[in-house]
Amino acid sequence: MARRGDEDTMTNPVDNGELIHFLYRAVDEPGALEEFMRRFKTSYNSHFGFLSIRDSADLRVLDVYQWGFGEAGMSAYMDYYYQHDVWSNALRSLPQSTFHASHQIYPDDAYLKTEGYNDFAKPMSLRHGIGVKFSVPQSSHYVQFSGARRPDQGHYDQAIVAQMNQLIPHLKQFMHLRTRFGDLQGRAACMEQALSRMGTAVFICTADGRILFQTDQAERLLQDRSSVLAAKGSLRIQQSQANTELKKLIQNAVAASRGENRTPGGALRVDDAQGVLEVLVMPVRYAPPGGLLDSSSPCAAVFMRDVDAPRMVAPEFLSVLYNLSAAEADIAIRMSQGVSIAKIADGRGVSVQTVRTQTKTLYQKTQTVGQADLVALVSTSLAGMAGVLRG
């Protein structure tokens, strides 16, 4: 016979779309992460919870957001009970990127006899837990996101675990975007310069196609390309079918930026008398220059380039995109042009071994496995820019 509190008290499926919306807003909007947590608490009957970032090597806490514990309770957990609590230890050893309910990974009766339960959880009326752990790409950090319930709220059953697992790709994307956004904030001027030098026209548009920002190449494209128009400040293509498709891609991208569309991105080709135009549309949040962080809004980034135009990537663009040093970005450009390691070393006035060492770091940062892989990455500048916007 089930004891009171053993059954899950939830009866209706959770609308994860609303949670995803606030999660992506939290990338650059103050207060949105707290709102996400408040809604998670309500949606999943989780009276307690936290999102923590730790160093994988020494478990040092780098940042933490919590609800329900209070500052003193969270501090006690993070400083002591996290390393001594049997459930937390069990969670760290389980497969990543999936939620695990406490009653499924540690014997319930045994847990009730532990120090962590009797000295920490029980006095706070904390009984049933759930958590997920995953690594942050290109870092030595890992994230744990956990929720917990009071005794009368019931454990997290399999249906709830399945619903929570739908959030995991977005939690991982959120952390990646937030890390990248923090880096990009300090390099905003560099990014604008890189955009202007990458040989691709870039427009930032609202859902109805209104242009909020455009690069110099975009202005020239509007002047030189009769098939692309900025009618009354809105981006459009003269060909009816292509314009309809562009509108749809922009609307889908903006919806993805709001967390309403889980398959963002799209491309089309425009054939006209002047040749073939590649068009790529991706979601992005945009704040006008000089605006506050919380003034950013969901938008679409539209990239357009002539397929016959030479593909060029500015070193600054690679530096921003992959966190490369100036030397590493320069080496990447030279390697993509077929220059040998020896000639790169001679041109830079350094030893061959120095260039080899920098090349190894370059491969690690760009997640490439050799020169051919790196050349392919650098040469596809348009796809690379899409990667920036996806995070």
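Keep in mind that what you see is a predicted model, and the values were worked out from it rather than measured. (Residues numbered from 1 in each chain as written. Predicted model: local features only at pLDDT ≥ 70, side-chain atom pairs only at ≥ 80, totals over all residues. Heavy atoms only, no water.)

### So, the packing of aromatic side chains
1) Next: Inspection of the entire model under this criterion finds 17 aromatic pairs.
2) Next: Connected via pairs of aromatic rings, a cluster forms that spans Phe48, Phe50, Phe69, Tyr77, Tyr80, Tyr81, Tyr82 and Phe120.
3) Next: Taking the ring centre of Tyr82 as reference, the NZ or CZ of Arg54 above it sits at 3.7 Å. (Phe/Tyr/Trp six-rings, centres within 6.5 Å; stacked < 30°, edge-to-face > 60°. Lys NZ or Arg CZ within 6 Å of the ring centre and 35° of its normal.)

### Thoughts on the state of the cysteines
1) Next: Under the defined criterion, the tally for this structure stands at 0 disulfides.
2) Next: Free cysteine: Cys205, not disulfide-bonded; nearest cysteine sulfur from Cys299 at 8.2 Å. (Disulfide = S-S within 2.5 Å.)

### A short note on the nonpolar core
1) Next: Of all hydrophobic cores here, the largest spans 35 residues; its most connected members are Phe36, Phe99 and Phe145.
2) Next: Not counting chain neighbours up to four residues away, the residues in contact with Phe145 comprise Phe36, Phe40, Phe50, Leu51, Trp67, Phe99, Ile130, Gly131, Val132 and Leu171.
3) Next: Leu235, Leu249, Ala253 and Val254 belong to the second largest nonpolar core, which has 23 residues in total. (Core = buried A, V, L, I, M, F, W, Y, C linked by side-chain atoms within 4.5 Å. Buried < 20%, exposed > 50% of the residue type's maximum accessible area, 1.4 Å probe, protein only. Contact = heavy atoms within 4.5 Å.)

### Let's talk about the environment of Phe99
1) Next: Along the polypeptide, Phe99 turns up in the loop between helix 4 (86-93) and strand 3 (100-101).
2) Next: Of the residues examined, Phe99 reaches a relative accessible area of 3% and is grouped as buried.
3) Next: Measuring from C-alpha to C-alpha, the distance between Phe99 and Asn165 comes to 6.1 Å, with 66 residues separating the pair along the chain. (Helix = DSSP H or I, 4+ residues; strand = E, 2+ residues; numbered from the N terminus.)

### Details of the pairing of strand 4 (residues 128-135)
1) Next: With respect to burial, strand 4 is a largely interior element, 7 of its 8 residues being buried.
2) Next: Where strand 3 lies against strand 4, 2 bridges are found, and the strand directions are antiparallel. Opposite His100, over in strand 4, you have Gly131 as the bridge partner.
3) Next: When strand 4 meets strand 5 (residues 141-149), the two strands line up antiparallel, connected through 8 bridges. Paired with Gly129 across the bridge in strand 5 is Ala148.
4) Next: Hairpin connection from strand 4 to strand 5: 5 residues lie between these consecutive antiparallel strands, with Gln138 at a positive phi of about 60°. (Pairing = 2+ DSSP bridges.)

### Some details on the pattern of salt bridges
1) Next: The tally for this structure, following the rule as stated, stands at 13 salt bridges.
2) Next: The residue Asp108 makes a salt bridge to Arg127 at a minimum N-O spacing of 2.6 Å. With Asp108 in helix 6 (residues 108-111) and Arg127 in the loop between helix 7 (115-121) and strand 4, this residue pair connects regions lying 19 residues apart in the sequence.
3) Next: A salt bridge links Arg348 to Asp330, with the shortest nitrogen-to-oxygen separation between them at 2.8 Å. With a gap of 18 residues between them, Arg348 in helix 15 (residues 341-348) and Asp330 in helix 14 (residues 326-336) connect regions that are remote in the sequence.
4) Next: With relative accessibility at 19%, the residue Asp330 sits in the buried group.
5) Next: Taken together, the salt bridges that share partners define one network made up of Glu18, Glu35, Arg38 and Arg39. (Salt bridge = Lys/Arg side-chain N within 4 Å of Asp/Glu carboxyl O.)

Any functional reading would require information that these geometric values do not contain.
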